[in-house]
Each structure stands twice: as C-alpha cells, then as structure tokens.
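Residues per chain, in single letters:
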Amino acid sequence: MGWGSGSSLMSEVIKSVEETVLDTDQKIALFYMLIDNFTDRDCDTLDECLGESTTFDRAYKMHWPDVDID
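Worth saying up front: this structure is predicted, and the values here are computed from it rather than measured. (Residues numbered from 1 in each chain as written. Predicted model: local features only at pLDDT ≥ 70, side-chain atom pairs only at ≥ 80, totals over all residues. Heavy atoms only, no water.)

Engineer: I tried to follow the packing of aromatic side chains on my own but got confused; where do I start?
Structural biologist: In this description, a pair of aromatic rings is defined by centroid distance and the angle of the planes. The final tally for this structure, using the stated rule, is three aromatic pairs. Here the aromatic rings of Phe31 and Phe56 are separated by 5.6 Å at their centres, their planes lie at 85°, and the arrangement is edge-to-face. Placement of the pair is Phe31 in helix α2 (residues 24-40) and Phe56 in helix α3 (residues 54-63), with a sequence separation of 25 residues. With relative accessibility at 0%, the residue Phe31 sits in the buried group. Both rings, one in Phe56 and one in Tyr60, keep their centres 6.1 Å apart while their planes meet at 40°; by these two values the pair is tilted. Taken together, the residues span about one helical turn, with Phe56 and Tyr60 both in helix α3 at a distance of four residues. Phe56 gets classed as buried once you look at its relative accessible area, which sits at 0%. Its relative accessible area of 8% is what places Tyr60 among the buried residues. (Phe/Tyr/Trp six-rings, centres within 6.5 Å; stacked < 30°, edge-to-face > 60°. Helix = DSSP H or I, 4+ residues; strand = E, 2+ residues; numbered from the N terminus. Buried < 20%, exposed > 50% of the residue type's maximum accessible area, 1.4 Å probe, protein only.)

Right, dumping it as structure tokens:
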C-alpha cells in the first residue's frame, strides 16, 4: 500500500472506532496501538488526522509529546 493513503485509511478507522468503542480509555489505548502499527510501517502522515477525534488527538500526543497539537 502506498502510504500516501495512510492518513485516509486512519480517518476511516477513527470513524469506526468512534462509532463502536464507548470507553474513552479503550479508544485512546486502541488509537495508540494503531499509531504504533502505522508508523512502524513507515506511515508518516497521521498528523493529517488531527482534529478528527479528541481521543485520537490524545493518543497522538502521548506518542509524540513534543508535538504541539493545540
């Protein structure tokens, strides 16, 4: 897969998670693991997904604490 599509795939995942997972802590943990999986496979466009979900944003910030997303 070309990782130019990584952020669009993550956008779809974000929508699915937000629709099905009710617990905020579970969402954050899931997003954190997904971010790890995507970045381990050279996806470097996940910043394009910031603002789509506050729980995704929190997991992203946990992954890269030095990144200012506010």
